[in-house]
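# Chain and residue survey
Read off the chains here:
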Amino acid sequence: MYCKEYNLNKISVNLLWQYISTPTGLATWFADAVEADGKDISFFWNREESKAEISGMRQGSHIRFHWTDDCNPKTYFELRISHNELTGNVVLTVTDFAEQDEVDDSKKLWDEQISALRKRLGT
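A quick note: this is a predicted structure, and the numbers were derived from the prediction, not measured.

Cut-offs used in this document
- Counting of residues starts from 1 at the beginning of each chain's written sequence and follows it residue by residue.
- Totals for whole chains, interfaces and linings use all residues, but because this is a predicted model, local features are given only for residues with pLDDT of at least 70 and pairs of side-chain atoms are given and counted only at 80 or more.
- Where side-chain values are given, they derive from all heavy atoms of the structure, hydrogens and water being excluded.
- What counts as an axis is a line fitted to C-alpha atoms, over the stretch in contact for a helix, and the angles between N-to-C directions run from 0 to 180 degrees.
- Only DSSP runs of H or I reaching four residues or more are called helices, and only runs of E reaching two or more are called strands; each is numbered from the N terminus.
- Put simply, angles under 35 degrees are roughly parallel, angles over 145 are roughly antiparallel, angles from 65 to 115 are roughly perpendicular, and the rest are oblique.
- Each crossing gets its hand from how the near helix is turned against the far one by less than a right angle, where anticlockwise is left-handed and clockwise is right-handed.
- Any two residues having at least one pair of non-hydrogen atoms within 4.5 Å are treated as being in contact.
- Each residue gets one label: Ala, Val, Leu, Ile, Met, Phe, Trp, Tyr, Cys and Pro are nonpolar, Asp, Glu, Lys and Arg are charged, and the others, such as Gly, are polar.
- Like charges are joined within 9 Å and nonpolar side chains (Val, Leu, Ile, Met, Phe, Trp, Tyr) within 5 Å, but only among residues with over 30% relative accessible area and no salt bridge; these make up the patches.
- Where accessible areas are quoted, they stem from the Shrake-Rupley method and a 1.4 Å probe; at the residue level, only the protein chains shown are allowed to cover.
- Salt bridges, as used here, are contacts in which a Lys or Arg side-chain nitrogen is within 4 Å of a carboxyl oxygen on Asp or Glu.
- When charges are tallied, Lys and Arg are placed among the positive residues and Asp and Glu among the negative ones, while His and the ends of the chain are skipped.
- To locate a charge, the coordinates of NZ of Lys, CZ of Arg, CG of Asp or CD of Glu are taken.
- Partly exposed residues are those whose accessible area sits between 20% and 50% of the maximum for their type, while under 20% is buried and over 50% is exposed, using a 1.4 Å probe and protein chains only.
- A pair of strands is considered paired only if DSSP assigns at least 2 bridges between the two.

## Section: the packing of helix 1 (residues 13-21) against helix 3 (residues 103-121)
Put simply, helix 1 and helix 3 touch, their axes get as near as 11 Å, and they point 135° apart. Comparing the axis directions of helix 1 and helix 3 gives the class oblique. Taken as a pair, helix 1 and helix 3 cross one another with a handedness that is right-handed. From helix 1, Leu 15, Leu 16 and Tyr 19 reach across to helix 3, where they touch Leu 117, Arg 120 and Leu 121. Counted by class, the contact of helix 1 with helix 3 contains five nonpolar, no polar and one charged residues.

## Some details on a negative patch on the surface
Taken together, the side chains of Glu 99, Asp 101, Glu 102, Asp 104 and Asp 105 present a region of like negative charge at the surface. Mapped onto the secondary structure, Glu 102 falls in the loop between strand 7 (90-96) and helix 3. For Glu 102, a relative accessible area of 42% corresponds to the partly exposed category.

## What to know about the sheet that holds strand 2 (residues 33-37)
Pairing is antiparallel across the open sheet formed by seven strands, whose spatial order is 1-7-6-5-4-3-2. Across the chains shown, the open sheet's two edge strands, defined by having one partner strand only, are strand 1 (2-7) and strand 2. Recorded for the sheet is a direction-independent mean angle of 25° between the axes of neighbouring strands. Where strand 2 and strand 3 (residues 40-45) come together, five bridges link them in antiparallel fashion.

So, in structure tokens, the structure goes:
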């Protein structure tokens, strides 16, 4: 498991929440398309489907997904928002799991994804 923080400056927490917790929002930066049926989520990249379930969520705070094809029930990826009331800065923390020899590649992939999110948010 690893965590990576991304400072998104003074972005609206409500706006960021829409981008990380809704199929429409996720489809603008995370995947080519996203479909939801309750807690079951389908992500599409190059017409290939990957399924996940929402395994935890707190409105405006965090959302946690578990890939359904992952045999380890303890793995997940989580997007967590923290807001510093004093400075107004918003940080998005990504928690993910990867094999030891794949952590660097996984972090690079998140860097690319969050770069796309930043463009959408205008930060």
